[in-house]
Amino acid sequence: MTASRRGYRVVIVGAGFAGASFVRVLPRSLRRPGETLLIDREATYTYVPLIHEVAVGRLHPESVRSRIPPLCRRRCDFLQAGVTGVDLAARRLETSEGAVDYEYLVLALGSGAARPPAEMAPHFEVFWSLEDALRLRKALAGAWRAAVNRRSEREVSEGDLTVVVAGGGATGVELAAEISVLFRYLERRTPRNPSVEPRVVLLEAKDRLIGWLDPFFHEVAMEKLASLGVEVRLNTPVESADERSVRAGGVRLPARVRVWATGIEVSGLVRGLPGEHDAAGRVEVDDHLTLPGHPEVYVLGDAALYGAEFREPLLPTASVAVQQGPYAARDLARRLRPTHRNQDTARPAFDFFDRGYVVSLGPESAAAEALGLRLKGAAAQALYRGVLLYYLKSRRDRILTGADWAMERIGRLGFG
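Model, not experiment: these values are computed from the prediction.

A few words on unusual backbone geometry. Of note, the phi angle at Arg91 is positive, near 55°, even though the residue is not glycine. Note on placement: Arg91 falls in the loop between β6 (83-87) and β7 (92-95). On the basis of relative accessibility, which here comes to 33%, the residue Arg91 falls in the partly exposed class. In this structure, Leu289 is a non-glycine residue whose phi angle is positive, near 65°. Summarising the element assignment, Leu289 is placed in the loop between β19 (283-284) and β20 (290-291).

Time to look at the packing of aromatic side chains. Inspection of every chain in the model, using the stated rule, returns eight aromatic pairs. On the numbers, 5.0 Å between centres and 75° between planes, the contact of Phe124 with Trp260 is edge-to-face. Separated by 136 residues along the polypeptide, Phe124 in the loop between β9 (112-113) and β10 (125-126) and Trp260 in strand β17 (residues 257-260) bring together distant segments of the chain. Here Phe124 and Trp260 have matching classes, each one buried. Between Trp144 and Phe183, the ring centres sit 6.0 Å apart and the planes meet at 20°, which makes this aromatic pair stacked.

Glancing now at the sheet that holds β10. The five strands lie next to each other as β10-β17-β11-β12-β13, forming an open sheet whose pairing is parallel. Each edge of the open sheet carries a strand with a single partner, namely β10 and β13 (231-233). Pairing of β10 with β17 involves two bridges; the strand directions are parallel. Pairing of Glu125 across the sheet is with Val259, part of β17. Along the sheet face, helix α4 (residues 130-149) touches β10, β11 (162-166) and β17 and points at about 160° away from the line of β17. Contacts from helix α5 (residues 170-189) reach β11, β12 (199-203) and β17, with the element oriented near 175° to β12.

Under the defined criterion, the tally for this structure stands at 17 salt bridges. Two residues, Glu62 and Arg65, come together in a salt bridge whose shortest N-O distance is 2.3 Å. The class for Glu62 is partly exposed, based on a relative accessible area of 33%. Its salt-bridge partner being Arg91, residue Glu296 comes within 3.8 Å of it at the nearest N-O pair.

In this section: the packing of α4 against α5. Two elements in contact, α4 and α5, have axes whose closest approach is 12 Å; the angle formed by their N-to-C orientations is 35°. The two elements α4 and α5 meet at a crossing, and its hand is right-handed. Contacts between α4 and α5 pair Leu136, Leu140 and Trp144 from the former with Leu175, Ile179, Leu182, Phe183, Leu186 and Glu187 from the latter. When its residues are assigned to classes, the contact of α4 with α5 shows eight nonpolar, no polar and one charged.

Our next topic: the pairing of strand β23 (residues 357-360). Bridging between β23 and strand β24 (residues 366-370) involves four bridges; their strand directions are antiparallel. Its bridge partner lying in β24, Val358 is registered against Ala368. What sits between β23 and β24 in their antiparallel hairpin is a turn of five residues, with Gly362 showing a positive phi close to 100°.

Below, the discussion takes up the pairing of β6. Examined bridge by bridge, β6 and β7 share four bridges and lie antiparallel to one another. Bridged to Val83 within β7 is Thr95.

Parameters and conventions
Residues numbered from 1 in each chain as written. Predicted model: local features only at pLDDT ≥ 70, side-chain atom pairs only at ≥ 80, totals over all residues. Heavy atoms only, no water. Helix = DSSP H or I, 4+ residues; strand = E, 2+ residues; numbered from the N terminus. Buried < 20%, exposed > 50% of the residue type's maximum accessible area, 1.4 Å probe, protein only. Phe/Tyr/Trp six-rings, centres within 6.5 Å; stacked < 30°, edge-to-face > 60°. Pairing = 2+ DSSP bridges. Contact = heavy atoms within 4.5 Å. Axes fitted to C-alpha atoms, helices over the stretch in contact; angles between N-to-C directions. Salt bridge = Lys/Arg side-chain N within 4 Å of Asp/Glu carboxyl O. Left-handed = near helix turned anticlockwise from the far one by under 90°. Nonpolar A, V, L, I, M, F, W, Y, C, P; charged D, E, K, R; others polar.

Structure (structure tokens):
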């Protein structure tokens, strides 16, 4: 469909965790043609928490990608378009398909990868999207083939099979573990030995890994990464990079593959909203997840800075997003009831329930803390897979992902 200045009571921007969970619990009064519109620049959604498994060939790309229009069936209209601006005074969105007027706006735009400094950007693979994962898979496969096929010492360069991952958050830790396991798999499956030893180096600028979680995660990650042969360097920020190496902590590390996984940043649209913003660009919202001064605008998920005034802000995680979406939908339902209009005191504030966190440490291990219970190893990995399967968007996605996991010992996509 095209927008062409069409108006809707509710417009949702973004079909990620927050936006999709909002759509699923839409009030019945809004589940009619012409009432609610979902906008996303893509027609498919990528399940980002699993792309590190795509990068090492354990999952097929289609297993982590699902179509957005079926989410809207019997719930809302869908418009594939990019949003270029918002006029809060006029209650109007500007999109690549025309303008859209709204009565209520839900911004669930998610986030993107924090980029390396401009002078280093050409020398790193940024890791955030499915396309990034496929580029990294190609780079890893190319590095392995080159190391195996070189026949003389004169052809060998230091760092030919070294991977440097910059960023010791959950993404960097999961990726480093998976790449190390991949190299061990390839060593078993390849008849010829590579010309150099595979090496994975994880760089973290601060004094512990996954610093936003309990130290338990750091301890388990350090133990497991050491057993996998990953070199972890703490208090080691990246200082510079070129096409063959990275300099960090005053030491030059030759590396053919260099990955940047150091955090998130939000879109320019969110950065342009009025109000307080954090370093990543997230905008502060009130107790009802609405923009101060604009109660008709909800900001959800990674774009929202919630709780900053009174306590530590909530982290930009899927666990937060999937609770904010349903809350906002129910809050809007309360506001639309005639008896509740202009009675904000009857609206409970958003209350996040901490269900815990799980960080994968390769295909057979993880670290988890859920409802006060701490797990590591195979039990934590089983919980990790169960949680991810639960949050996949359809039965088809669960079947495909489960089948890939069942077949992972047979072969790796892109690696033979």
